[in-house]
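# Results of the structural survey
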Amino acid sequence: MASPNQRHLLSALVQNVPGVLAHISGMLASRGYNIDSLAVGETEDPTLSRMTFDDQVLDQVRKQLEKIVTVVRVLDISSNDYVERDLLLVKVTAPAGGVRSEIRELVDIFRGQIVDVGEGEVMIEISGRANKVQAFIERIDRYGIVELVRTGRIAMVRSGSQITSSEPAAETVQA
């Protein structure tokens, strides 16, 4: 059994129609759920989007999602063997010379990329598990973070793994 403080990942397959994100986030907010991370994107089927939630209140959020008409299916990714990623873009103060070389070495260690170079700044891209991204932020902070943006977690169940799924919502039109 999962500990109460364990992070959970839910993946909801939803109809790709205007207002779905607002409806779902409004419903969760009205019930007092604070979602720690949310990522949304179109799937291989342009009529469907996938919403990935990172939270501690798995059962309650899952039950509420299943009630929404535009939700096609809810998957509990955290109970399966899965691959997860976060994406970070961070702009750091990096004057030419030794400091910039140190930053480039740190980026290489974390298997990231410098994606933009300015006179006194560089923009870095890092992707990986949430703890890797957080560790990079902690290491790069001493150089002076100018701006930072980060996605929520995205995840997919590995091939050949059993998927824990809810039943499709009763009123949902299957795509």
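This section reports on the structure supplied with the text. In this text the structure is predicted, and so the values were computed from the model without any measurement.

Looking now at a nonpolar patch on the surface. Together, Leu21, Leu38 and Val40 make up a nonpolar patch on the protein surface, roughly 230 Å² of accessible area in all. Structurally, the position occupied by Leu21 is in helix α1 (residues 20–30). Residue classification places Leu21 among the partly exposed residues on the basis of a relative accessible area of 41%.

Secondary-structure assignment places Val92 in strand β5 (residues 82–93). Sequence separation between Val92 and Gly144 is 52 residues; the distance between their C-alpha atoms is 5.6 Å. The residues touching Val92, leaving out its near neighbours within four places in the chain, are Ile103, Gly120, Glu121, Val122, Ile124, Ile140, Tyr143, Gly144 and Val146.

The next subject is the pattern of salt bridges. Scanning the model with the defined rule gives 8 salt bridges in all. Between Glu102 and Arg142 there is a salt bridge; the shortest N-O distance is 3.5 Å. With Glu102 in helix α3 (residues 98–109) and Arg142 in the loop between α4 (130–140) and β8 (145–150), this residue pair connects regions lying 40 residues apart in the sequence. Taken together, the shared-partner salt bridges in this structure form one network comprising Asp54, Glu84, Arg129 and Arg153.

What follows is about α4. Listed as buried for α4 are Val133, Ala135, Phe136, Ile137 and Ile140. Elements in contact with the buried residues of α4: β5, α3, β7 (121–128) and β8.

Across its 12 residues, α3 extends 17 Å between first and last C-alpha, which sits within 8% of the 16 Å expected from 1.5 Å per residue. Among the residues making up α3, those that are buried are Arg100, Ile103, Leu106 and Val107. On an axial view of α3, the arc spanned by its buried residues comes to 120 degrees, and they lie on one face. Seen from the open side of α3, the exposed residues pointing more than 90 degrees away from its buried face are Glu105, Asp108 and Ile109. Where α3 is buried, its residues contact β5, β6 (113–117), β7 and α4.

In β5, alternate side chains face the same way, and those of Tyr82, Glu84, Asp86, Leu88, Val90 and Val92 are buried while those of Val83, Arg85, Leu87, Leu89, Lys91 and Thr93 on the opposite face are not. Bridge count for β5 against strand β9 (residues 154–157) is 4 bridges, and the pairing is antiparallel. Among the inter-strand pairings, Tyr82 is bridged to a residue of β9, identified as Val157. Alignment of β5 against β7, held across 8 bridges, turns out to be antiparallel. Paired with Val90 across the two strands is Ile124, which belongs to β7. Alignment of β5 against β8, held across 5 bridges, turns out to be antiparallel.

Calculation notes
Residues numbered from 1 in each chain as written. Predicted model: local features only at pLDDT ≥ 70, side-chain atom pairs only at ≥ 80, totals over all residues. Heavy atoms only, no water. Patch = residues over 30% accessible without salt bridge, like charges linked within 9 Å, V, L, I, M, F, W, Y side chains within 5 Å. Areas by Shrake-Rupley, 256 points an atom, 1.4 Å probe, with all protein chains shown as cover. Salt bridge = Lys/Arg side-chain N within 4 Å of Asp/Glu carboxyl O. Helix = DSSP H or I, 4+ residues; strand = E, 2+ residues; numbered from the N terminus. Buried < 20%, exposed > 50% of the residue type's maximum accessible area, 1.4 Å probe, protein only. Contact = heavy atoms within 4.5 Å. Expected span 1.5 Å × (residues − 1). Arc of directions from axis to C-beta. Pairing = 2+ DSSP bridges.

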